[in-house]
Every structure is written in C-alpha cells, then in structure tokens.
Amino acid sequence: MNIIKDQDVIIILKTMLNRLDDRLVDHGERVAYLCLELMRYMNVSEEEYLHVAKLALLHDIGAYKTEEVDALLSFESEDVWEHAIYGYLFLTKMSPLKKNADCVLYHHMSYERLMETDCSNKKIAALIHLCDRIDVSIKRGASLPSILHQEGQFDPIQVKAFEELNHDNRLIQRLENKSYQDKMNDLYQTIYLGEDERKGYLEMLAYSIDFRSEFTVLHTITTTAIAIELGKQYQLSSEELDKLFYAALLHDIGKGAIPISILEKQGKLNDEETKWMQRHVSITEEILNGYIQTDVLHMAARHHEKLDGSGYPHQLTDKELTLGDRIVAIADILSALLGKRSYKEKFSITKAISIIEEMAENEKIDREIVRVFADHHEDIMIQVEQNTKKMNQLYGDMLEHYQELKTMYWMNSVKV
Ligand SMILES: [Fe+2]
Ligand SMILES: [Fe+2]
Ligand SMILES: [Fe+2]
C-alpha cells in the first residue's frame, strides 16, 4: 500500500497554497478549473489537458519565496515578476512538471508581449494569464467585460471562447457556488503519478518552503538524510525507511504559512512570534491529516514533542512516542544545530553531539538514538554532506537564474 495516494499529493499541494494567504484560497484550483473548461471547449487533447491542469493549479507556487501577494491580486501595473520567476524555477528545477513550465514564467504577461517571447507554448501561457485575471476580477468584484477587452491583454480567441461558454454566467456561477469543486475532485481521481512523481512533487513543496529563507535551505534535506541514516542503523525495512523519508520531508511544511520576517528574525523571538513559529507543527498536522498514513503523520507532526512531556503541540510523553517519532525529532534537532540560523552560527559536529547528549540526559530525547548517532556520526555525515552539497548547488543555481531572468531586458521594461 502506498504511504500516500496520488490524488492526496495534489490535495496537499493545493491545501498548502491555500495557507499562504487567505485571499489566495483556492485561486490555483479555480484557475485550473477555468482552464479545463476552456480547453474542453476548444478540443484540447486529454494528455495536454491534465498537464495544463497541474501547471494552472501550481502557477502561483513561487509566491512562497516572495511577499508579493498584494501585488499579484491587484490590477495595477505593479511588479509581479518575482513570484512568476520563482514559480517557473521551482517547477523546472525541482518538479516533474518541467514540460512547458515556462508558461508559469509568463503568466502575468500581456498577450501582445507574450507573442514576442520564445515561450514554449504561448497558448497555455495565455490561457493561464486569462483565467488568472478572470478569477482575480471575480474575487475583487471588478467588471469582467472591461477586463477581458483591454487592448492587447488577452488572446482574442480564448476570450471569445470564454464569453461563449459563460453566456448565461454559467462558469462564474459554478465558481461562486463552488460546484466546480466536484469536477476538480473527479479529475484528481484520474491523476496517476507513480512513485517518482509523487516524491518529486512533495520534494518540490518541501524544498520551495525551505528556500523561503537562506537559513532553512538545507534544513529538510539534512533532516531527511539523518533520519534515513539513523533508520538504517536500526535496520528498518525499506517500507519503514520510506515512511521516515516522507515524514522528515514533510515535517516543516507548516512553515509555508509563517511570515518570512519571523523565519529570518535576528535574535530571539518575542512571545507572540514564538507562538506563531510553534504553530508550524499544527499546520503541518492539519495539512497532512487524512492524506497520509497515520504513523507517518505522527512522525512528521511530533518532531517538537519531548519524552518528558515538555514539548509541543500535544505535550506527549515517552509512552506515546514511537521509534520513528523519536528519530525524526532528533534528526530535526541535529539539522538545526548543524546549520546556520538567523540567531546563531553553525555548530561543529562535536558541539552538536554534546548538546543532544545533554538533552538525552535531561530526558528530552531518546538516549539510545543519541548514542547510535554519536557512534556512527562519521558515516552518517558523509551521506548528509553529499545531499546538502547537491541542494546547495541547486539553490545557488536557482538564485543565479533568478538574477538572469530578472535582468532580461523585457523583465524590466514590461508592465503587467
Ligand atoms: Fe500570479
Ligand atoms: Fe519544526
Ligand atoms: Fe524542522
């Protein structure tokens, strides 16, 4: 049995985007729905249809990295390139959705300008742009006809198709009364991903959340590597190792809902900020609950619990915490100790070990696992270094491409 079902991967991605900002709730799904209706009307092939649905669903994923939500929900000519560039980079560098991912890069560009670019599929980019603006105008109560007929803004053929399809306000009503959700849920049931794609989407989700702050870039990849290596020391089966992998991968996805200013604050968080920060575990739990096997959900959402009951959010104690829960918790602590944070430098492996040994002494974390780590830390760290090196390269690569795209002449000269 799969640890996580294909349609649930899509639901987790969608729910995560909803947590970014209340005003963006269901925006990706609504845009995907409009794209689908229009494509069906224009007789697009089934294969392309599903691919575009995934791109449309995730078209604003770059908003994790930026704080552009205000701008991307407005119609004024503000600079909204950042999230489009990051969205494109996340999809193209980290997800199985590489084909036509550049449509996300262009999703705020006018049709006229789009025609001058070398976008790999201008029809899809224009379609996402049109459906995105339709949804934003509905959300803002703006007049649709005046939006649709702005000079050079949209593909006239797509606008005509939309107006025909929406002749008695049918499409808009389905969005407003939420009946479109049934259609989307039916569609999710038909999505087949397979193991690599399942992993690929969830890796993109976790790493794009880590990429929100330079201090957390290596956090998940390090946590995952340590958890797996500890699991191997315990000779866990491949299924159990897979569970550890997914739990460690997803343990901090709730951080996608925490403001970047808190993630990057220099110095100590005040009480209010600490409460906010601690909410990330409950958010991880809420997002995954019902969509992933329960033992994996526990391992992911219990990484801040302590054996003596002093942890959060549920103050569980050693009787309730399984080997998997304990491994992920220790891997998370080690990853934080070994990484640079806004409030501290990296600690050496010797210092990190002495800190976790003291925590084990104080009944906070599992002594036996701490001992296993201390005994095998050299081997474990080889794997950690290999993984983090790859991730560092990917992050550096992404920042470099980001600058290149941002300085391209049309990026600076084009208004949305
Ligand atoms: Fe956008
Ligand atoms: Fe955490
Ligand atoms: Fe963490």
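Overview of the structure. (Residues numbered from 1 in each chain as written. Chains lettered and ligands numbered in written order. Predicted model: local features only at pLDDT ≥ 70, side-chain atom pairs only at ≥ 80, totals over all residues. Heavy atoms only, no water.)

### Things to note about the overall build of the protein
For the protein, the count of helices and strands is 22 helices and zero strands. Since a compact globule built from 416 residues should have a radius of gyration of about 22 Å, the 23 Å found for the protein is in line with a globular shape. Its C-alpha atoms give the protein principal-axis dimensions of about 70 × 45 × 35 Å. In the protein, which comprises 416 residues, the proportion classed as buried is 58%. At a minimum sequence separation of 6, the contacts of the protein that also span at least 24 residues come to 71%. Total accessible area on the protein is roughly 18200 Å²; 48% of this is exposed by carbon and sulfur atoms. Within the protein, one finds 48 positive and 70 negative side-chain charges whose respective centroids are separated by 1 Å. (Helix = DSSP H or I, 4+ residues; strand = E, 2+ residues; numbered from the N terminus. Rg over C-alpha atoms; globule rule 2.2 N^0.38 Å. Buried < 20%, exposed > 50% of the residue type's maximum accessible area, 1.4 Å probe, protein only. Contact = heavy atoms within 4.5 Å. Areas by Shrake-Rupley, 256 points an atom, 1.4 Å probe, with all protein chains shown as cover. Lys, Arg positive; Asp, Glu negative; His and termini not counted. Charge placed at Lys NZ, Arg CZ, Asp CG, Glu CD.)

### Some words on the coordination of the iron ion (ligand 3)
Summarising the metal site, the iron ion (ligand 3) is bound by the protein donors His219 (NE2), His251 (NE2), Asp252 (OD) and Asp332 (OD), whose distances to it range over 2.1 to 2.2 Å. Between the four donor atoms coordinating the iron ion (ligand 3), the angles at the centre fall across 85 to 177°, so the site counts as irregular. We note that the donor set of the iron ion (ligand 3) lies within a single chain, spaced as H-x31-H-D-x79-D. Metal-to-metal, the separation of the iron ion (ligand 3) and the iron ion (ligand 2) is 3.3 Å; Asp252 coordinates the two. Of this pair, His219 sits in helix α14 (residues 219-233) while His251 sits in the loop between α15 (238-250) and α16 (260-263), and the two are 32 residues apart along the sequence. Its relative accessible area of 4% is what places His219 among the buried residues. Owing to a relative accessible area of 0%, His251 belongs among the buried residues under this scheme. (Donors = N, O, S within 2.8 Å, 3.2 Å for Na, K, Ca; no water. Tetrahedral: all angles 85-135°; square planar, octahedral: opposite > 155°, others 65-115°.)

### Re the coordination of the iron ion (ligand 2)
For the iron ion (ligand 2), the protein coordination sphere consists of Asp252 (OD), His280 (NE2), His303 (NE2) and His304 (NE2), at 2.1 to 2.5 Å. Between the four donor atoms coordinating the iron ion (ligand 2), the angles at the centre fall across 82 to 170°, so the site counts as irregular.

### Some remarks on the state of the cysteines
Scanning the model with the defined rule gives zero disulfides in all. The thiol sulfur of Cys131 is not disulfide-bonded, and the nearest other cysteine sulfur, from Cys35, lies at 3.7 Å. (Disulfide = S-S within 2.5 Å.)

### Topic: helix α19 (residues 323-338)
With 16 residues, α19 extends 22 Å from end C-alpha to end C-alpha; this agrees with the ideal 22 Å at 1.5 Å per step. Of all 16 residues in α19, 14 are buried; the element is thus mostly enclosed. (Expected span 1.5 Å × (residues − 1).)

### Focus: the environment of Lys123
As for its placement among the helices and strands, Lys123 is situated in helix α8 (residues 122-139). By relative accessible area, which is 57% here, Lys123 ends up exposed. Spatially, the C-alpha atom of Lys123 lies 38 Å from that of Leu263, the residues being 140 residues apart in sequence.

### A closer look at the environment of Val80
Its location among the elements puts Val80 in the loop between α4 (69-72) and α5 (81-94). Accessibility expressed as a relative area gives 3% for Val80, which makes it buried. Along the backbone, Val80 and Ala331 are 251 residues apart, and their C-alpha atoms lie at a distance of 37 Å.

### A word on the packing of aromatic side chains
All chains considered together, the criterion is met by six aromatic pairs. Three or more aromatic residues joined by ring pairs form one cluster here, namely Tyr86, Phe90, Phe211, Tyr395 and Tyr402. It is Lys199 that lies over the ring of Phe245; its NZ or CZ is 4.9 Å from the centre. Between Lys351 and the ring centre of Phe347, over which it is positioned, the NZ or CZ distance is 4.3 Å. (Phe/Tyr/Trp six-rings, centres within 6.5 Å; stacked < 30°, edge-to-face > 60°. Lys NZ or Arg CZ within 6 Å of the ring centre and 35° of its normal.)

### A few points about the side chain of Arg133
Of note, Arg133 is situated in helix α8. You can call Arg133 buried: its relative accessible area is 9%. Side chain to side chain, Arg133 and Asp132 meet in a polar contact 2.8 Å long. (Polar contact = N/O pair within 3.5 Å; in protein donor to acceptor, adjacent residues only side chain to side chain.)

### Focus on the pattern of salt bridges
For the structure shown, the criterion picks out 29 salt bridges. Glu37 is the partner of Lys183 in a salt bridge, and the nearest nitrogen-oxygen pair spans 3.1 Å. With Lys183 in helix α12 (residues 180-189) and Glu37 in helix α2 (residues 27-41), this pair connects stretches of sequence that are 146 residues apart. We classify Lys183 as partly exposed; its relative accessible area is 38%. Take Glu37: its relative accessible area is 8%, and that puts it in the buried class. Among the ionic pairs, Glu273 bridges to Lys265, the shortest N-O distance being 2.8 Å. Take Lys265: its relative accessible area is 24%, and that puts it in the partly exposed class. Via salt bridges that share partners, Asp6, Glu195, Arg198 and Lys199 belong to a single interconnected network. (Salt bridge = Lys/Arg side-chain N within 4 Å of Asp/Glu carboxyl O.)

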